[in-house]
Amino acid sequence: MARIEISSLAKVYPGPKPVNALDHVSLDVAEGEFIALLGPSGCGKSTLLNILAGFESKTEGEVRFDGQPVGKAGPDRGVVFQEAALFPWLTVFDNVTFGPRMQGVAKPVYEKIAHDMLALVGLKDFAQAYPSQLSGGMRQRVGIARVLVMKPRALLMDEPFGALDAQTRLSMQELLLEVWQRLKTTVVFVTHDIDEAVLLADRVCIMSARPARIARQIAIDLPRPRSIDDLTTPAFIRYKAEIMQVMRDAHPAKAIAAE
Amino acid sequence: MTHGAHEAVTTSARPSAYGLAAFRGGLHLRKLAAGAVLPLLVILLWQLAGTGGSLFGGVLPTPDRVASAWYTWAFGNRGMGMNPYSGSWFDSVVFSTTRVLQGFAVALLVGIPTGIMIGWNRLVAGAVDPALQMLRPIPITAWLPFAIAVFGISSIGAVFLIALGVFYPVVINTTQGARHVERNLVRAAQMMGASRLDILLRVVIPASLPSIFTGVRIGLGTGWTAVIVAEMIAVKSGLGYVLWDAYYLGRMDVVIADMATIGIMGLLSDQLILMIERYALSWRLVNSNR
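In what follows, the accompanying structure is described. (Residues numbered from 1 in each chain as written. Chains lettered and ligands numbered in written order. Predicted model: local features only at pLDDT ≥ 70, side-chain atom pairs only at ≥ 80, totals over all residues. Heavy atoms only, no water.)

### Section: the overall build of chain A
Right, on to step 1. Secondary structure assignment for chain A yields nine helices and ten strands.
Right, on to step 2. Out of the 259 residues in chain A, the part that is buried amounts to 56%.
Right, on to step 3. Here the analysis covers contacts within chain A between residues at least 6 apart in sequence; of these, 70% occur between residues at least 24 apart.
Right, on to step 4. For chain A, the computed accessible surface area is about 10400 Å², with 52% contributed by carbon and sulfur atoms. (Helix = DSSP H or I, 4+ residues; strand = E, 2+ residues; numbered from the N terminus. Buried < 20%, exposed > 50% of the residue type's maximum accessible area, 1.4 Å probe, protein only. Contact = heavy atoms within 4.5 Å. Areas by Shrake-Rupley, 256 points an atom, 1.4 Å probe, with all protein chains shown as cover.)

Structure, rendered in structure tokens:
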């Protein structure tokens with residue numbers, strides 16, 4: 001049984017000019033699978049993620065998570081936001097322990113997990129710093145750590161590295177690969193970066209222009225564990241060329257300009 | 001794992017580099033000295049212009065006369081000499097300050113929760129906001145007859161006016177803060193299992209604090225305005241009462257000493273709020289070391 005089953009999901013934003021964001025999208029994600037939703041900005045891939053997360057309602061169709069229809073947002077689906085969305089008035093440590101505290105986890109238990117997760121993302125010396133003292137990449141590490149402490153059954157990531165500079169983005173991608181290799185959580189990763197999608201995912205779903213459909217799904221059979229050295233291998237470049245061709249067909253002119 | 005190292009080099013953000021209080025303190029003194037130049041110059045020119053001649057036909061006393069009246073007002077024996085206010089300065093300051101504090105406390109206790117609820121809950125906003133917007137254009141001075149009629153010549157009337165004056169800026173700014181909490185912060189809290197009450201207490205209120213402080217600082221200014229107006233008319237004590245009374249008695253030296261007192265009290269109370277704000281919002285200010 002797939003962990004996430006999306007069938008014929010549609011989303012229309014009502015208004016004087018209703019906007020069709022999703023046009024009957026169907027997608028299954030297996031337990032432990034890493035999936036990338038690839039498409040240019042504004043194509044509706046974030047809408048799909050928000051419905052999965054429970055932040056937005058659907059118009060039509062079905063979304064099941066572990067066999068159950070998805071309800072409101074909760075700790076079983078950990079969301080990593082584009083700008084980290086940390087609470088600026090809390091220290092790194094208090095941000096990371098927010099989830100367990102909300103769920104009534106005992107202090108000694110969550111303190112240990114939080115320290116472990118901060119070590120995992122390379123921030124154990126920054127536990128008492130405030131988000132305003134951190135760089136964008138470090139903030140996003142906190143954003144990942146605070147989700148991992150809740151041991152979510154799926155990670156939903158909405159262009160988490162989109163706002164970072166190229167070098168930081170590479171190191172964050174490597175970090176995520178390492179974390180995923182260890183925890184093997186189901187991941188749905190939204191991005192508009194082809195390299196990022198191929199490097200991270202088991203399967204890349206290319207979204208069409210609005211109203212979004214899944215134009216094509218491409219399984220990435222590169223061996224794991226992967227690293228940023230894979231970015232220049234011939235196999236990698238073949239996947240990239242194939243995806244670019246699909247995107248060109250799906251988004252005439254616009255998609256290539258976005259890259 | 002060594003992921004932290006690469007970025008830590010590029011961003012000088014280190015947890016040990018918090019404190020720069022000492023550096024700030026030095027800057028503060030120099031700023032203070034620079035700020036004192038202009039007032040001192042004005043006082044000096046005023047003194048020179050008044051000595052030997054008369055300012056505005058003798059109506060305006062020179063700074064030395066103001067200083068000596070102020071001294072008598074503060075330290076003179078009660079009921080002695082030509083100054084009917086002799087020795088009553090501290091009492092007046094305490095009267096006025098107490099009223100401001102009382103009105104302020106009422107305004108914050110009512111205004112902050114009201115503003116949070118208007119900003120956070122659409123139902124409350126629909127029910128309360130229109131009435132507030134209708135009452136707000138009525139200046140507090142227009143409420144004076146109402147206050148006297150309802151509360152009589154008493155401290156309560158003054159406190160009512162002050163509370164009203166402070167309430168509007170507090171409630172409006174708090175509403176703004178609570179209404180514009182970043183959407184993803186609320187979503188993040190939901191995703192981490194926070195209840196609606198948790199979101200209100202742990203996300204909406206802290207996120208609104210900067211706006212609340214803006215309202216409180218604006219409100220403080222209105223509060224001092226209100227206390228002076230109220231004491232001129234609706235009460236028989238305090239700095240506002242002395243101000244008006246001294247004017248009628250032709251004691252312009254006391255009037256000016258009174259004005260200076262109000263200015264100093266306003267400045268001190270604003271600085272006090274700034275200090276509390278710096279402490280409460282220290283999370284926002286720590287990034288100034290980058």
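### Topic: helix α10 (residues 239–248) of chain B
Residue and element names in this part refer to chain B.
Right, on to step 1. Of all the residues in α10, the buried ones are Leu239, Gly240, Val242, Leu243 and Ala246. Buried residues along α10 cover an arc of 165° about the axis, so they all sit on one side.
Right, on to step 2. Where α10 is buried, its residues meet α3 (63–75), α4 (89–120), α9 (196–233) and α11 (252–280).
Right, on to step 3. One or two positions beyond α10, positive phi appears at Gly250, with a value near 70°. (Arc of directions from axis to C-beta.)

### Observations concerning the interface of chain B and chain A
Right, on to step 1. Of the residues lining the interface, 29 residues belong to chain B; the matching set on chain A comes to 45 residues.
Right, on to step 2. Regarding the contact of chain B and chain A, the summed buried area is about 3300 Å², with carbon and sulfur atoms giving 64% of it.
Right, on to step 3. Across the chain B-chain A interface, the total number found is zero salt bridges.
Right, on to step 4. On inspection of chain B and its partner chain A, the count reaches three residue pairs in polar contact (both at pLDDT 80 or more).
Right, on to step 5. At the level of elements, α1 (3–10), α8 (183–191) and α9 of chain B are the ones that each hand at least two residues to the side of chain B that touches chain A.
Right, on to step 6. At seven residues, α8(B) tops the list of elements feeding residues into the side of chain B that touches chain A.
Right, on to step 7. Looking at the side of chain B that touches chain A residue by residue, the classes come out as 15 nonpolar, eight polar and six charged. (Buried area = accessible area lost by both parts, 1.4 Å probe. Salt bridge = Lys/Arg side-chain N within 4 Å of Asp/Glu carboxyl O. Polar contact = N/O pair within 3.5 Å; in protein donor to acceptor, adjacent residues only side chain to side chain. Nonpolar A, V, L, I, M, F, W, Y, C, P; charged D, E, K, R; others polar.)

### Looking at the packing of α3(B) against α11(B)
All names here are of chain B.
Right, on to step 1. The N-to-C vectors of α3 and α11 enclose an angle of 75°; their axes lie 8 Å apart at closest approach. On the basis of the axis angle, α3 is roughly perpendicular to α11. When α3 is examined against α11, the residues Arg65, Val66, Ala69, Trp70 and Trp73 are found in contact with a partner set consisting of Asp253, Val254, Ile256, Ala257, Asp258, Ala260, Thr261 and Ile264.
Right, on to step 2. A class-by-class count of the residues in the contact of α3 with α11 yields nine nonpolar, one polar and three charged. (Axes fitted to C-alpha atoms, helices over the stretch in contact; angles between N-to-C directions. Parallel < 35°, antiparallel > 145°, perpendicular 65-115°, else oblique.)

### Considering a nonpolar patch on the surface
Right, on to step 1. Together, Leu38(B), Leu41(B), Val42(B), Leu44(B), Leu45(B) and Leu48(B) line one region of the surface with nonpolar side chains, adding up to about 610 Å² of accessible area.
Right, on to step 2. When you line up the elements, Val42(B) lands in helix α2 (residues 21–50). (Patch = residues over 30% accessible without salt bridge, like charges linked within 9 Å, V, L, I, M, F, W, Y side chains within 5 Å.)

### Details of the sheet that holds strand β2 (residues 19–29) of chain A
All names here are of chain A.
Right, on to step 1. The strand order across the open sheet formed by four strands is β2-β1-β4-β5, and the pairing between neighbours is antiparallel. At either margin of the open sheet sits one strand with a lone partner, and together these are β2 and β5 (68–69).
Right, on to step 2. The pairing of strand β1 (residues 4–13) with strand β4 (residues 60–65) spans five bridges and is antiparallel. Directly across from Ile4, in β4, lies its bridge partner Phe65.
Right, on to step 3. Each of β1, β2 and β4 is contacted by helix α1 (residues 45–53), which is oriented at about 115° to β1, the strand it contacts most. (Pairing = 2+ DSSP bridges.)

By themselves, these observations are geometric and do not establish any function.
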